[in-house]
Amino acid sequence: NSFVTRTNTCGELRSAHVGQKVTLYGWVQYQRQGLFLVLRDFQGLTQIVIPQDEAHSHVKELLSNAPVESVVRVTGIVSPRPLGQENPKMPTGDIEVKAETAEILNSCKKLPFEIKDFIKKSEALRMQYRYLDLRSFHLQSNLRLRSRMVMRMREYLCNLHGFVDVETPTLFKRTPGGAKEFLVPSREAGKFYSLPQSPQQFKQLLMVGGLDRYFQVARCYRDEGSRPDRQPEFTQIDIEMSFVDQAGIQRLIEGLLQHSWPEERALIMTPFPSMTYEEALAEYGTDKPDTRFGMKIMDISDVLRGSDIHFVQNALSYPHGSIRAICIPQGVKYLTNKDLESLKESAKSQFNQEIMEIIRRPDGSLKSLLTKFLGEKEQSELIQALNMQENDVVLLAAGEHKQVCSALGTLRLLSANLLEAAGLALRDPTAFHFLWVVDFPLFLPKAENPTELESAHHPFTAPHPSDASLLYSDPTKVRSQHYDLVLNGNEVGGGSIRIHSAEQQRFVLEKVLKEDSEVLSHLIEALEFGAPPHGGIALGLDRLISLIVDAPSIRDVIAFPKSFRGRDLMGNAPDYVTPEELEPYHIQVSWPLEEKEAKKN
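Computed from a predicted model, the values in this text were never measured in an experiment.

Enquirer: Help me understand helix α1 (residues 57-64) in this model?
Expert: In an α-helix, one turn spans 3.6 residues, which is why side chains three or four residues apart end up on the same side. Those residues of α1 that fall on the buried side of the exposure criterion are Val59, Leu63 and Ser64. Taken down its axis, α1 places every buried residue within 120° of arc, on the same side. With respect to the buried face of α1, the exposed residues turned more than 90 degrees away are His58 and Glu61. Structurally, α1 contributes buried residues whose contacts are with β1 (21-32), β2 (36-41), β4 (71-80) and β5 (95-106).

If you want it as structure tokens, here you go:
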């Protein structure tokens, strides 16, 4: 209550305040029959008793007629609630304030929706009236938790570990590779700035400049179009250190998260477990495994190798062929035939992968199209290899290793959703399972042209020390010093040890990635002036907070987010500008014919 004219907030009054004269400011939550109203502010609710005597008739008239969500000031005496009328669900439920004077500071017109958490509102309406949506308890709670966590992170990095908080430019130039960047026109004809997708180059240059330890709560921009639960502008906790290795970065982040972790959430234990990229793919079918539940992918190639099943032998004849499966616990009980068909269809449509099902009946026997090709011994080995219990369902896939694992990894998550929807508790919503994924490949084949390579992380990532010589002979086999931090199946951070040799950086750009190194000449030149070994990481703050508060979308932890299509529905951005405004930037808009006609009309 410092610096303001209220004496108390609406959430702090208790029995100890009885008899005190208080002044409260807030919004009218609701009003009942001219007898009392509930006043709300950022901290909570207080019941206000509307006076009924003639001496306070003007106060009664004012408060009885105040529209919901109007802003009012009330002065009155704190009193205990009558016996039996206490409300244990409200922190202020033992008291009420008997109003003596009141003032409507601003009346509220008819609302587009009720300001209550349990009232369903369309996403578009929430975005259009975001300033009203922000009054809801859950958004207030999310933003305040976010603020507390960021403050504790600053404290840990700056006060305890000597990091320097540095703001880096927002207007820069295009970076080769990575996500698409937003362009900003300049007054020089044909020349554009880019909004950085991260402060990557700047933080490396700060290490060249000798700052040793940098961090920033960084605004980042990616023009990724319509991607679900992504934002064109987002926030990272951006970190870079000199003279550090992968283990040093990992310990720093574990300490940072433990220090800033909300007290009201389940404790997190360190050090976080670690897993290689190959292990994650083989066991979970993804590089961001959700380790809160089992159902791991199992390799049953050896069990079926001696069988006469045609598709099995066909798959195993390929260099990277394998037979793998996941076992769905109690799948017979919880999954319908329609569910199983939808799972198989997902594998077919997304991965062009056929799936075979095996069911273990209550009597212990197997039901599957495969059983006629398998003897009793092979069936017993299969049951043992998959640890199949009665009423379990196994989904089996055969083919190229990566495709099979990716398909089964997707089915693993879809199956978990179906099991939980049917009532089986599988993933603890209060648990936080962090995991480091390491030893990623340095390069991957381009999707549009598999004969060319692109960076798996970004072009500044250093090769694994054990694979450094392969960079020049067989770059496809090089592992990187790239590490991802995963939480409950979501990537919440990623970083790497950087290339600090100008010669190696130039080779990666020109010879491996076939990029024009001239675009990065400033960075390559900087590496020639005694650049220290360095590395860093960036935590996705929006994603991290949304997982901590169990928000359905990252939009619920951002004050003013963009819509699914990247639009600001409240301010109607992006918007048109006039030709006169574009003229200094040497830009003319070429309108599609239908838009020309629409603008004319």
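Enquirer: Where do I start with the packing of aromatic side chains in this structure?
Expert: Note on aromatic pairs: each is described by the distance of the centres and the angle between the planes. For the structure shown, the criterion picks out nine aromatic pairs. Here Tyr129 and Tyr131 contribute two aromatic rings whose centre-to-centre distance is 6.2 Å and whose plane-to-plane angle is 80°, an arrangement assigned as edge-to-face. Here the aromatic residues Trp261, Phe272, Phe432 and Phe434 are joined through ring pairs into a cluster of three or more. A cation over an aromatic ring shows up here: Arg412 above the ring of Phe293, its NZ or CZ 3.8 Å from the ring centre. In this arrangement the basic side chain of Arg427 is found over the ring face of Phe293, its NZ or CZ atom lying 5.6 Å from the centre.

Enquirer: Would you mind showing me how to read the layout of surface pockets here?
Expert: Any empty space left between atoms is shown by rolling a water-sized probe over those atoms. Roughly 950 Å³ of internal volume is contained in the second largest pocket. Every residue lining the second largest pocket is counted, 38 residues in all, and those nearest its centre are Arg40, Asp41, Gly44, Leu45 and Phe137. Of all the secondary-structure elements, those providing two or more residues to the lining of the second largest pocket are β1, β2, β3 (44-49) and α4 (137-161). Taken together, the residues that form the lining of the second largest pocket break down as 15 nonpolar, twelve polar and eleven charged. Counting the residues that make up the lining of the second largest pocket, at least three belong to each of domain 1 (15-106) and domain 2 (140-275 + 433-557).

Enquirer: Before we go on, may I ask you to explain the environment of Phe432 in this structure?
Expert: Its location among the elements puts Phe432 in the loop between α13 (401-421) and β17 (434-438). Taking the C-alpha atoms as reference, Phe432 lies 38 Å from Ser365; in sequence the two are 67 residues apart. In this structure, Phe432 is in contact with Trp261, Arg265, Ala266, Ile268, Leu487, Asn488, Leu547 and Ile548, ignoring residues within four places of it in sequence.

Enquirer: I tried to follow the sheet that holds strand β14 (residues 356-360) on my own but got confused; where do I start?
Expert: Pairing between the strands of a sheet comes from backbone hydrogen bonds, and it takes one of two forms, parallel or antiparallel. Judged by pairing direction, the sheet is antiparallel, and its five strands sit side by side in the order β12-β13-β16-β14-β15 without closing on themselves. Every interior strand has two partners, whereas the edge strands, β12 (298-299) and β15 (366-367), have only one. As defined by bridge partners, strand β13 (residues 321-328) adjoins strand β16 (residues 393-400) across eight bridges and the pair is classed as antiparallel. Bridging from a neighbouring strand, Gly321 pairs with Glu400 of β16. Packed on one face of the sheet, α13 meets β13 and β16 and runs near 5° to β13.

Enquirer: I would appreciate a short explanation of the side chain of Ser64 in the present structure.
Expert: Inspection of the secondary structure assignment puts Ser64 in helix α1. Within the structure, Ser64 has its side chain in polar contact with the backbone oxygen of Lys60 (distance 2.7 Å).

Each value, and the rule that gives it
Residues numbered from 1 in each chain as written. Predicted model: local features only at pLDDT ≥ 70, side-chain atom pairs only at ≥ 80, totals over all residues. Heavy atoms only, no water. Buried < 20%, exposed > 50% of the residue type's maximum accessible area, 1.4 Å probe, protein only. Helix = DSSP H or I, 4+ residues; strand = E, 2+ residues; numbered from the N terminus. Arc of directions from axis to C-beta. Contact = heavy atoms within 4.5 Å. Phe/Tyr/Trp six-rings, centres within 6.5 Å; stacked < 30°, edge-to-face > 60°. Lys NZ or Arg CZ within 6 Å of the ring centre and 35° of its normal. 1 Å grid on protein atoms, 1.4 Å probe; cavity = no way out; pocket = protein on both sides within 12 Å on 5 of 7 lines; lining within 4 Å. Points joined across faces, edges and corners; volume = space filled by probe spheres on them. Nonpolar A, V, L, I, M, F, W, Y, C, P; charged D, E, K, R; others polar. Domains from an automatic or database assignment. Pairing = 2+ DSSP bridges. Axes fitted to C-alpha atoms, helices over the stretch in contact; angles between N-to-C directions. Polar contact = N/O pair within 3.5 Å; in protein donor to acceptor, adjacent residues only side chain to side chain.

In short, the description is geometric, and any link to function would need to be established separately.
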